[in-house]
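Analysis of the macromolecular model
Chain by chain, the residues:
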Amino acid sequence: KAGVTQTPRYLIKTRGQQVTLSCSPISGHRSVSWYQQTPGQGLQFLFEYFSETQRNKGNFPGRFSGRQFSNSRSEMNVSTLELGDSALYLCASSDGTGEYYNSPLHFGNGTRLTVT
Amino acid sequence: AQRVTQPEKLLSVFKGAPVELKCNYSYSGSPELFWYVQYSRQRLQLLLRHISRESIKGFTADLNKGETSFHLKKPFAQEEDSAMYYCALSPHSISGAGSYQLTFGKGTKLSVIP
């Protein structure tokens, strides 16, 4: 099976702009999670979608939003970009059913976002 | 709120020496603990989970609820073990709510010296 695919790999944006990141999960996986990774804060959970519904949400401002389509592909949007949004954004997919420990996360390579 | 602490940013050991990567957690409920690993130029991937009580690539981890720790151990380090290791926690709930929200530690870079 193909792994989790994230596009684009790199993005450079200016403060105030908005950005959309895309994630295609492993075929058959219905859960898609998003994480932000920075040197200072490490990996932080953004949100998780399952069957087009947001099931879990981390502690991020409303500028961060996401959605999931019927084919399980997911997009993440960040509006009014700030310098502090510069990070590696990781997407992960899993089966999504039952307890988490029975369907671990499979990560993509990430999208490196730089805000100038 | 849950928290995962990995006190060592960098751990260097000689090949053949024992390895212990420390992980401590803070969580009021009953957690599920995991170790994820990222080798150079590869994706972050699951190494092992405490619920399975498994040994992967010679690594084991025991959940110590009294000390709230989940240290990763290997008796004899190999050069291919050099990687970034992350400890992660997922809340356990009967309903499964929140169980897909992982809290990660900041990671420990393991360097195995030949």
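See the structure printed just above.
Reference entry: report on the structure contained in this document. (Residues numbered from 1 in each chain as written. Chains lettered and ligands numbered in written order. Predicted model: local features only at pLDDT ≥ 70, side-chain atom pairs only at ≥ 80, totals over all residues. Heavy atoms only, no water.)

A few words on the overall build of chain A. Looking only at helices and strands, one finds zero helices and eleven strands in chain A. Along the first, second and third principal axes, the C-alpha set of chain A runs to 40 × 25 × 25 Å. Each of the 116 residues in chain A was classed as buried or not, and the buried ones make up 53%. Here the contacts in chain A between residues at least 6 apart in sequence split such that 55% fall between residues at least 24 apart. (Helix = DSSP H or I, 4+ residues; strand = E, 2+ residues; numbered from the N terminus. Buried < 20%, exposed > 50% of the residue type's maximum accessible area, 1.4 Å probe, protein only. Contact = heavy atoms within 4.5 Å.)

In this structure, Leu43(A) sits in strand E5 (residues 42-50). Judged by relative accessible area, Leu43(A) falls into the buried class, the value being 4%. Taking the C-alpha atoms as reference points, Leu43(A) and Ser27(A), 16 residues apart in sequence, are found 25 Å from one another. Non-local contacts of Leu43(A), meaning those with residues more than four positions away in its chain, are made with Tyr35(A), Gln36(A), Gln37(A), Leu90(A), Leu44(B), Tyr86(B) and Phe104(B).

Right, let's talk about the packing of aromatic side chains for a bit. Residues and elements named next belong to chain A. A full pass over the atoms with the stated rule returns ten aromatic pairs over all chains. Consider the rings of Tyr35 and Phe45, whose centres lie 5.5 Å apart with planes at 70°: the pair is edge-to-face. Of the two residues, Tyr35 is situated in strand E4 (residues 31-38) and Phe45 in strand E5; the sequence distance between them amounts to ten residues. You can call Tyr35 buried: its relative accessible area is 0%. (Phe/Tyr/Trp six-rings, centres within 6.5 Å; stacked < 30°, edge-to-face > 60°.)

Taken together, three strands build an open sheet; the order of strands is E3-E8-E7 (chain B) and the sheet is antiparallel. Bordering the open sheet on either side are strand E3 (19-21) and strand E7 (60-61) of chain B, each of which pairs with just one other strand. (Pairing = 2+ DSSP bridges.)

Right, let's talk about unusual backbone geometry for a bit. Residue and element names in this part refer to chain A. Pro8 follows Thr7 through a cis peptide bond whose omega is -10°. Considering the arrangement of structural elements, one finds Pro8 in the loop between strand E1 (5-7) and strand E2 (10-13). Positioned with a positive phi, Thr80 is a non-glycine residue whose angle comes to about 45°. In this fold, Thr80 is placed in the loop between strand E8 (74-78) and strand E9 (87-94).

Any link to function would need more than the numbers given here.
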